[in-house]
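# Report on the structure
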Amino acid sequence: MHKKKLAVFISGYGSNLNVFLQNKDKFADLYVVSSNAEAYGLVRAENCNVDRLVLEQPLSWLTLQQKLIERGTEVIFLAGFMRILPASFVNLWEGRLFNLHPSLLPKYKGLNSIQRAHAAGDEIGVTIHQVTAEVDSGHIVAQKIAVSQSEVGPMSLEEATQRTHACEHELVLAWINSL
Ligand code: GRF
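Residues numbered from 1 in each chain as written. Predicted model: local features only at pLDDT ≥ 70, side-chain atom pairs only at ≥ 80, totals over all residues. Heavy atoms only, no water.

## Quick word on unusual backbone geometry
- Cis peptide bonds are those with omega within 30 degrees of zero, and the linkage from Q57 to P58 qualifies with -5°.
- Summarising the element assignment, P58 is placed in the loop between β3 (51-54) and α3 (61-71).
- Backbone torsion omega between L105 and P106 reads 10°, so that peptide bond is classified as cis.
- Inspection of the secondary structure assignment puts P106 in the loop between β5 (97-101) and α5 (113-119). (Helix = DSSP H or I, 4+ residues; strand = E, 2+ residues; numbered from the N terminus.)

Encoded structure:
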């Protein structure tokens, strides 16, 4: 099977990045791009000898695009990347750009999704979707329930959050194995 050249974009802790790092042999290339020089995910990548790129401020999407082309990147995965991508960049990667979101989209788009679903007593889950210019709105490729409607009532926000993050890691692994 053709192994892909993947770039994972992060901004912080990188627990989902960790799933990619643990499975790096499944990729022809793994490249970590961070919008934040202090992101702990950069340490994780360094510990696994995976190349990193820290984006400069102000961010030049054109320069980033050039670096990805030089690298031969085929697919981009956004794993906690806290910058909104401009349509000009998204359009260049149509069908090859994916995002992980901690809700059962189309519900709870945007920030604090777990907290909002929990406060509403709604089931909580995670989604991997293709990225389009409109935030959290592209074609859904994988979805998984982390906390069911009947479980959510008595569950603390802390436990619901932990369960959702563990569910994200499972969904990321399933996505990697489906490539
Ligand atoms: C995850 O909940 C992801 O869905 C969201 O940002 C968080 C990143 O967590 N977009 P981590 O940095 O992978 O631990």
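Following the structure, the description resumes.
## Quick notes on the pattern of salt bridges
- According to the stated counting rule, one finds 5 salt bridges in the structure shown.
- The salt bridge involving R163 is made with E151; its shortest N-O contact spans 3.0 Å. Here R163 is found in helix α7 (residues 157-178), whereas its partner E151 is found in helix α6 (residues 149-152), with 12 residues between them in sequence.
- With a relative accessible area of 32%, E151 lands in the partly exposed category.
- Put simply, D29, D51 and R71 are held in one network by salt bridges that share partners. (Salt bridge = Lys/Arg side-chain N within 4 Å of Asp/Glu carboxyl O. Buried < 20%, exposed > 50% of the residue type's maximum accessible area, 1.4 Å probe, protein only.)

## Digging into the nonpolar core
- If you look at the biggest cluster of nonpolar residues, it comprises 36 residues, and the most contacted ones within it are L6, V8, F20, L30, F77, I128 and W175.
- It is α7 that contributes the most residues to this core, 6 residues altogether.
- Residues in contact with L30, not counting those within four places in the same chain, are L6, V8, F20, L21, K24, V50, D51 and R71.
- Judged by nonpolar contacts, the second largest core, of 19 residues, contains L55, L59, W61 and L97. (Core = buried A, V, L, I, M, F, W, Y, C linked by side-chain atoms within 4.5 Å. Contact = heavy atoms within 4.5 Å.)

## A look at the sheet that holds strand β4 (residues 75-78)
- Taking strand neighbours across the sheet as the criterion, the 7 strands line up as β3-β2-β1-β4-β5-β6-β7 in an open arrangement whose pairing is mixed. Strands at the two margins of the open sheet, each flanked by one partner only, are β3 and β7 (140-147). Across the sheet, the mean angle separating the axes of adjacent strands is 20° when strand polarity is ignored.
- Two elements, strand β1 (residues 4-10) and strand β2 (residues 27-34), share 7 bridges in a ladder whose sense is parallel. Considered in β2, the bridge of V8 is made with V32.
- Helix α2 (residues 40-47) rests against β1, β2 and β3 of the sheet, and its axis sits at about 155° to β3.
- Helix-sheet contacts for α7 involve β1, β2, β4, β5, β6 (124-130) and β7, and the interaxial angle to β7 is about 150°. (Pairing = 2+ DSSP bridges. Axes fitted to C-alpha atoms, helices over the stretch in contact; angles between N-to-C directions.)

## Some details on the site of the ligand
- Around the ligand, a shell composed of Y13, G14, S15, N16, G80, L100, H101, P102, H165 and E168 is seen.
- Take S15: an N or O atom from its side chain is 2.5 Å from an oxygen atom of the ligand.
- Within the contact set of the ligand, an oxygen atom lies 2.3 Å away from a side-chain nitrogen or oxygen of E168.
- Coverage of the ligand by the protein chains reaches 82% of its 360 Å² of free accessible surface.
- Secondary structure elements with two or more residues in the shell around the ligand: α1 (15-22), β5 and α7.
- Considering only residue class, the shell around the ligand consists of 3 nonpolar, 6 polar and 1 charged. (Near = heavy atom within 4 Å. Polar contact = N/O pair within 3.5 Å; in protein donor to acceptor, adjacent residues only side chain to side chain. Areas by Shrake-Rupley, 256 points an atom, 1.4 Å probe, with all protein chains shown as cover. Nonpolar A, V, L, I, M, F, W, Y, C, P; charged D, E, K, R; others polar.)

## Examining the packing of α1 against α2
- It is at 9 Å that the axes of α1 and α2 come closest, and there the two elements cross at 10°. Here α1 lies roughly parallel to α2, going by the angle between them. Judged by the twist between their axes, the crossing of α1 over α2 is right-handed. Facing α1, whose interface residues are S15, L17, N18 and L21, α2 presents G41, R44 and A45. (Parallel < 35°, antiparallel > 145°, perpendicular 65-115°, else oblique. Left-handed = near helix turned anticlockwise from the far one by under 90°.)

The quantities given are spatial measurements derived from coordinates; they are silent on function.
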